[in-house]
Amino acid sequence: MKFNYKKSLGQNFLMDKNKIKQIVDAIDVNEKDLIVEIGPGAGAITREIIKKNSDVICFEIDTRLEKKLSEIKSSKINIVYKDFLKINLYDYIDYSKYNKIVFVGNLPYYITTAIINKIIEYNHADEIIIMVQKEVAERFMAKPNSKKYNSLSIFLQYQFDIKKVCDVSKNCFEPIPKVDSIVIKFIKNNKYKVNNEEVFYKLIKDSFRQKRKNLRNNLKTYDLNKIEKILNQINKDLTFRAENLSIEDFILISNDI
Ligand code: SAM
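These remarks concern the structure in this document.

Cut-offs and rules
- Residues numbered from 1 in each chain as written.
- Predicted model: local features only at pLDDT ≥ 70, side-chain atom pairs only at ≥ 80, totals over all residues.
- Heavy atoms only, no water.
- Near = heavy atom within 4 Å.
- Polar contact = N/O pair within 3.5 Å; in protein donor to acceptor, adjacent residues only side chain to side chain.
- Areas by Shrake-Rupley, 256 points an atom, 1.4 Å probe, with all protein chains shown as cover.
- Salt bridge = Lys/Arg side-chain N within 4 Å of Asp/Glu carboxyl O.
- Buried < 20%, exposed > 50% of the residue type's maximum accessible area, 1.4 Å probe, protein only.
- Helix = DSSP H or I, 4+ residues; strand = E, 2+ residues; numbered from the N terminus.
- Pairing = 2+ DSSP bridges.
- Axes fitted to C-alpha atoms, helices over the stretch in contact; angles between N-to-C directions.
- Contact = heavy atoms within 4.5 Å.
- Arc of directions from axis to C-beta.
- Right-handed = clockwise from strand over helix to strand, strands pointing away.

Turning to the site of the ligand, a few remarks are in order. In the neighbourhood of the ligand, 22 residues make up the surrounding shell, with L14, G39, E60, D83 and N106 lying closest. Take P40: an N or O atom from its main chain is 3.4 Å from a nitrogen atom of the ligand. A distance of 2.6 Å is found between an oxygen atom of the ligand and a side-chain nitrogen or oxygen belonging to E60. Taken by itself the ligand offers 600 Å² of open surface, and the protein chains cover 98% of this.

Going through the model one piece at a time under the given rule, you end up with 19 salt bridges. A salt bridge links K51 to E48, with the nearest nitrogen and oxygen atoms 3.0 Å apart. Note on E48: relative accessible area 28%, which makes it partly exposed. The residue K100 makes a salt bridge to E127 at a minimum N-O spacing of 3.2 Å. Note that K100 is positioned in the loop between helix 4 (89-92) and strand 5 (101-106) and E127 in strand 6 (residues 127-133), a separation of 27 residues in sequence. A residue is classified by how much of its surface remains accessible, and K100, at 17% relative accessible area, is buried.

A separate point is the sheet that holds strand 3 (residues 55-59). Sheets are built from strands that pair by backbone hydrogen bonding, the pairs being arranged parallel or antiparallel. The sheet built from seven strands is open, its strands ordered 4-3-2-5-6-9-7 with mixed pairing. For this open sheet the edge positions go to strand 4 (77-80) and strand 7 (160-168), each flanked by a neighbour on one side alone. On average, each strand axis in the sheet is inclined to that of its neighbour by 20 degrees, with strand direction left out of account. Along the sheet, helix 5 (residues 112-122) makes contact with strand 2 (34-38), strand 5, strand 6, strand 7 and strand 9 (181-188), crossing strand 6 at roughly 170 degrees.

With that settled, consider helix 6 (residues 134-141). Three or more residues of helix 6 are buried, namely V136, A137 and F140. Looking down the long axis of helix 6, one finds its buried residues gathered within 100 degrees of arc, a one-sided arrangement. Each element contacted by the buried residues of helix 6 is listed here: helix 5, strand 6, helix 7 (151-159), strand 7 and strand 9.

Strand 5 sits mainly inside the fold: six of its six residues count as buried. Neither face of strand 5 is left uncovered, since the one carrying I101, F103 and G105 and the one carrying V102, V104 and N106 both have all their residues buried. Relative to strand 5, strand 2 runs parallel, the two being bridged by five bridges. Residue V36 lies in a different strand from strand 5, and its bridge partner there is F103. Relative to strand 6, strand 5 runs parallel, the two being bridged by five bridges. Along strand 6, the bridge assignment pairs V104 with I129. The handedness of the strand 5 to strand 6 crossover, carried by helix 5, is right-handed.

Laid out in structure tokens, this is it:
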């Protein structure tokens, strides 16, 4: 039976066996771990991840896929037909049961950021492997002094190492979308420590408030003398823009204000 793809749900199903294998190979789990798949669709990735022997929980919004997905037989899979953005992950996942929790998803692009934010807020994701639009991936991985570097790049890189898994041409999907994709992997790192994360996150948000403006303009409500002194230690000053500061620079400032 021909499936009636819903554009409004970002339904472009991955057909390329090699790409599916590359994604699944990037998931490093064992039987004590949990894989959370967002948007399994017709189960292209799901059919492979169950071979890892971990517990699997999938969230799929479209109940029309229930019949197809019910063909996937495993005692370790639980498929929930709900909107991932609306559920409370704590109702479905007992994180204390698992060594590691890995999120996987080939997601509708228009909700990529919302989904990533939700996973990060949940705070128990050890790894996230997701397919995103090329330019979105570039923003996530952007380094200082590049146009694509923004507050989200810093929030993400502060918590995760971000690596590219593979490129995926638009021709690997059905129906064929307008753009090519990249699969990226976020691996939780504990390499940075800040005294107060709230202060750190606020400082970054405020520093990028108006991207074209310099730090003196964006940080008017702060003690600018203090910030200037810290910046001078790293050979910078208030005429720099947020995009010129590294994560380490923001940590240094936030620890001292
Ligand atoms: N993973 C499959 C694959 O690779 O072929 C399907 C990918 S398709 C790009 C995205 C899937 O996410 C669709 O099955 C769609 O119905 C589902 N979806 C869209 N919005 C969702 C949401 N808010 N919560 C859960 N699933 C969603």
